[in-house]
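Observations on chain architecture
Residue strings, one per chain:
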Amino acid sequence: MSTVEVKQITLADVSFEEDILIDVRSPAEFAEYKIPNAINVPLFSNEERAKIGTTYKQKSREDAVELGLSMYAPKIPSFFQKLKGLQVEMPNKRMVIYCWRGGMRSKTIAGTVGLLGVECYQLEGGIRSFRQYVREGLEQVARKKRDYVVIAGHTGSKKTEILSILKERGYPVIDLEELAGHRGSIFGHIGMNPKSQKQFEYLLLEQIQQLENSSYMIIEAESKRIGHIVLPDFIIKGKENGVRVELDYPLWSRVEHIYNTYQPQKYKENIQEAIGKLRKYLSTQLLDELDALQQKEDYKTILSRFLEEYYDPRYAHASSKYQTTATHLAFEDLDTGVEKVVSFIEKMVQR
């Protein structure tokens, strides 16, 4: 059987917008982390990949390769049709195939479809080269000196909504919770799509690069972690040394906002699970009170008690560690809150 040379291309020569990027890793790998605009055409399913991995560990590399080939062979017509179809849809675009390290999976498919007439390239280094690109990019942006405006406030103070409006108006906002797919609290994953650390870091780099010409960035006062995401040190230092705005929003307005955001009637099991994780931090008296409120499904009172007895005291403790003094902005509706923050930022920028 004749062979075809697999042409390689480096990440530096790849265009995330113009090239057809084919990710041949398993669906689980793709869901965790991918190159922008990539299309998943998996060589193996999640179950097949796990089986090959087990064979590699328990038997040998040769046995794993043989098993992989037996799984792939029946799929060749399907791969050819999919990739040929993409090439027909986008005739003037270059096809680049990648896997984890630029190894056997991408080389196998690139070689096979190349032999069948689909012109394509294999990404040298696979997605690991993209990971290195992100790391180096974050190191570079970390070295750039810029000011930070830090939007702080108790849980439920509409920080996310204010940041979103500021972003729409063209202010240099980095919405860390949006990038993480998590709202930051123990309830923060509910109704969200949490990102992996790797995917978060790429999205963060992408947004900061878009703000390259801005002398400052606006962020929320996050802790070191947002769910499972760990923030880079330069963001934490920016938060600690930045100009801080403290949003003062009434307690029951915060309760109403949190209730509407988390929709406890819709996500009852998730709410109960999250409460369960906090039980060890709460007094016996409060736990008895919360259990009674849960039976009545009185979620607004539950939220108010959590704010008063858990979140607000923790926030006060964290705020006491700041070396800088915050400017307090009190408001009772979103429009007023936005305008007060905008006024503050404009005055700061003009200094």
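Scroll up a little and you will see the structure.
Residues numbered from 1 in each chain as written. Predicted model: local features only at pLDDT ≥ 70, side-chain atom pairs only at ≥ 80, totals over all residues. Heavy atoms only, no water.

To continue, consider the pattern of salt bridges. Following the criterion strictly, the structure yields 19 salt bridges and no others. Each member of the salt-bridge network shares a partner with another, and the members are Glu289, Arg305, Glu308 and Glu309. (Salt bridge = Lys/Arg side-chain N within 4 Å of Asp/Glu carboxyl O.)

This part is about the sheet that holds strand β10 (residues 243-248). Reading across the sheet, the 4 strands line up as β7-β6-β10-β11 and stay open at both edges, with parallel pairing between neighbours. Where the open sheet ends on each side, the last strands, each with one partner, are β7 (216-220) and β11 (327-330). This sheet shows a mean twist of 25° between the axes of neighbouring strands, independent of strand direction. In the packing of helix α10 (residues 233-241) onto the sheet, the strands contacted are β6 (147-153), β7 and β10, and the crossing angle to β6 comes to about 75°. (Pairing = 2+ DSSP bridges. Helix = DSSP H or I, 4+ residues; strand = E, 2+ residues; numbered from the N terminus. Axes fitted to C-alpha atoms, helices over the stretch in contact; angles between N-to-C directions. Contact = heavy atoms within 4.5 Å.)

Bringing helix α15 (residues 334-350) into the picture now. Compared with the 24 Å implied by 1.5 Å per residue over 17 residues, the 25 Å span of α15 between its first and last C-alpha is a close match. Taken as a whole, α15 has its buried residues at Gly337, Val338, Val341, Val342, Phe344, Ile345 and Met348. An end-on view of α15 places all buried positions within 165° of arc, on one side of the element. In α15, the exposed positions that point more than 90 degrees away from the buried face belong to Asp335, Lys347 and Gln350. Buried residues along α15 sit in contact with β6, α7 (159-168), β7, β10 and β11. The N-capping residue of α15, defined by a side-chain oxygen 3.3 Å from the backbone nitrogen of Asp335, is Asp333. (Expected span 1.5 Å × (residues − 1). Buried < 20%, exposed > 50% of the residue type's maximum accessible area, 1.4 Å probe, protein only. Arc of directions from axis to C-beta. Polar contact = N/O pair within 3.5 Å; in protein donor to acceptor, adjacent residues only side chain to side chain.)

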